[in-house]
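Geometric and topological summary
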Amino acid sequence: MKRKDFIKHSSGIFLSSAIAPRLMVNINLNDVINIAVIGTGDRGKGIINLLNKLNAFNVIAVCDILPFRLEEANDLIKTNKNAKIYKDYRKLLNDKNIDAVVISTPLNSHDQIAVDALDADKHVYCEKTLAKGVKATARIVNKCKTSKKIFQTGHQYHSSRMYTQLKEMIEGGKVGKISSIEAQWNRNGNWRRPVPDPSLERQINWRMYREYSYGLLAELSSHQIDFANWILKATPEKAMGMGGINYWKDGRETYDNTKVTYQYPEGVKATYTCLTSNAKDDYKIMVMGDKGTLTIFYDKAWFYPEGSYKANYGEVDGVSGATTNWTQGKGTPLDIQHIDPTKQALMDFKDAIINNTDPLSNVITGAKAAYAVDMGIKAMDTEKIINWDNINFIL
């Protein structure tokens, strides 16, 4: 189905109206939400720590297939004598006392667990990227069409109040007409987790293997892709890119460096770079318009107004002519209040459940970012331009 036809039909997965209207949930405003965390690796444990600090949540269950991960998670929830641990998430979902779940498992498992959780009548916070590939993404969206539960995608910067204010500045004309977005998330290290037993290599370092993950583009750049979709109010029309395993010769299957460029409507280009062998400037997004540039870091942002060209006339090597000098506008830091984005995202999840409203980072925004990631992977794998229309939408 072509994109124009896809959008025209009411069954298109990106139409918010396709999501089923929800009934009011049976949680009082003063009640605590009983929540479980499925997947207790580094990210899952980090989320448990944050949930423990939020009075609105009570972590009553955790699940992981690795015994030592479960032990580590159990240490974080041991103050709750009624908390349970599970090796099988399906048994966890049978617990009627659980109101909501966080899914922080390898990417290739998101769709099955999310669908099962919605079927079990749980609210879902699913870590980014929403799912691995077109079919898996569509499967979650289609399930949400018939579910009355809250679904939030874990693109935490979408919940950040700093990013919200930056979006409002952009909409107010701060940078003018956007022509380019330049983003990077660079590190200098092999991106590996320590493995206590070689037999656990693929389970612990799943980000390195194509069976489980799309690597850097999905795990890092997807946040920045989601931001571009958000501020441009659009999805990419096409993607081109290159990636490789050129530095870390250690058996990994996902690229150790990526560079993908997307074209949006009106010719806006957005480029995403991820390196694992150079960490200069680490995380950065530059939104570039004809009035100025917003440069965004983890927890702060600067604005650089556009300067001007000045012509200088004279002789150069005996020939009369003109040269130009560029006067750069001086950058100024923006005073924006900011708390940990993941903490804010979890607070937003709570509010969405209590108030029965869609989160900002919902299944639709998550699906758009997931499809864009899939385009980028295909572009790098084939070294061809991948058009949005050429993706097979599974409805």
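In the block above lies the structure referred to throughout.
Let us look at the structure shown here. These numbers were taken from a predicted model, which means no experiment stands behind them.

1. Regarding the sheet that holds strand E16 (residues 332-333)
- An order of E16-E13-E12-E11-E7-E10-E9-E8-E17 is seen for the nine strands of this open sheet, with the pairing classed as mixed. The strands lining the two open edges of the sheet, one partner per strand, are E16 and strand E17 (386-387).
- Inspection of the sheet shows strand E11 (residues 283-289) paired to strand E12 (residues 292-296) by four bridges, in the antiparallel sense. Bridge assignment links Val287 to a residue of E12, and that residue is Leu294.
- Packing against the sheet, helix H9 (residues 216-232) makes contact with strand E7 (178-185), strand E9 (257-263), strand E10 (269-275), E11 and E12, and its axis sits at approximately 155° to E7.

2. Quick notes on the pattern of salt bridges
- Using the criterion set out here, one finds 26 salt bridges in the structure.
- Across the pair Glu72 and Arg69 runs a salt bridge, and its minimum N-O distance is 3.6 Å. On the criterion of helical spacing, the pair formed by Glu72 and Arg69 is a turn pair, its members being three residues apart in helix H3 (residues 67-77).
- Across the pair Arg139 and Asp111 runs a salt bridge whose closest N-O atoms are separated by 3.3 Å. With Arg139 in helix H6 (residues 134-146) and Asp111 in helix H5 (residues 110-119), this pair connects stretches of sequence that are 28 residues apart.
- On the basis of relative accessibility, which here comes to 34%, the residue Arg139 falls in the partly exposed class.
- On the basis of relative accessibility, which here comes to 11%, the residue Asp111 falls in the buried class.

3. Some points on the environment of Lys128
- With respect to the helices and strands, Lys128 occurs in the loop between strand E5 (123-127) and H6.
- Take Lys128: its relative accessible area is 13%, and that puts it in the buried class.
- As a C-alpha pair, Lys128 and Glu219 span 91 residues in sequence and 7.2 Å in three-dimensional space.
- A polar contact of 3.1 Å, which involves the side chain of Lys128, links it to the side chain of Glu219.

4. Observations concerning helix H2 (residues 42-52)
- By the burial criterion, the buried members of H2 are Gly44, Lys45, Ile47, Ile48, Leu50 and Leu51.
- Structurally, H2 contributes buried residues whose contacts are with strand E1 (33-38), strand E2 (57-63), H3, strand E4 (100-103), E5 and helix H10 (341-355).

5. Focus on the layout of surface pockets
- Here the largest pocket is characterised by a volume of approximately 840 Å³.
- Together, 38 residues line the largest pocket, and Ser104, Thr105, Pro106, Trp206 and Arg207 are the ones closest to its centre.
- Of all the secondary structure elements, the ones that give two or more residues to the lining of the largest pocket are H2, H5, helix H8 (201-204) and H9.
- Split into classes, the residues belonging to the lining of the largest pocket amount to 13 nonpolar, 12 polar and 13 charged.

6. What about the pairing of E2?
- Summarising burial for E2: six of the seven residues are buried, a large majority.
- Pairing of E1 with E2 involves six bridges; the strand directions are parallel. In the strand pairing of E2, Ala36 is matched with Ala61.
- Once you follow E1 into H2 and on to E2, the crossover reads as right-handed.

7. Overview of the packing of H6 against helix H11 (residues 363-382)
- The interhelical angle for the contact between H6 and H11, taken along N-to-C directions, is 170°, at an axis separation of 9 Å. In terms of their interaxial angle, H6 and H11 are classed as roughly antiparallel. On H11, the residues touching Val134, Thr137, Ala138, Ile140, Val141 and Cys144 of H6 are Val363, Ala367, Ala370, Tyr371, Asp374 and Lys378.
- Here the residues of the contact of H6 with H11 sort into nine nonpolar, one polar and two charged.

Definitions and cut-offs
- Residues numbered from 1 in each chain as written.
- Predicted model: local features only at pLDDT ≥ 70, side-chain atom pairs only at ≥ 80, totals over all residues.
- Heavy atoms only, no water.
- Pairing = 2+ DSSP bridges.
- Helix = DSSP H or I, 4+ residues; strand = E, 2+ residues; numbered from the N terminus.
- Contact = heavy atoms within 4.5 Å.
- Axes fitted to C-alpha atoms, helices over the stretch in contact; angles between N-to-C directions.
- Salt bridge = Lys/Arg side-chain N within 4 Å of Asp/Glu carboxyl O.
- Buried < 20%, exposed > 50% of the residue type's maximum accessible area, 1.4 Å probe, protein only.
- Polar contact = N/O pair within 3.5 Å; in protein donor to acceptor, adjacent residues only side chain to side chain.
- 1 Å grid on protein atoms, 1.4 Å probe; cavity = no way out; pocket = protein on both sides within 12 Å on 5 of 7 lines; lining within 4 Å.
- Points joined across faces, edges and corners; volume = space filled by probe spheres on them.
- Nonpolar A, V, L, I, M, F, W, Y, C, P; charged D, E, K, R; others polar.
- Right-handed = clockwise from strand over helix to strand, strands pointing away.
- Parallel < 35°, antiparallel > 145°, perpendicular 65-115°, else oblique.

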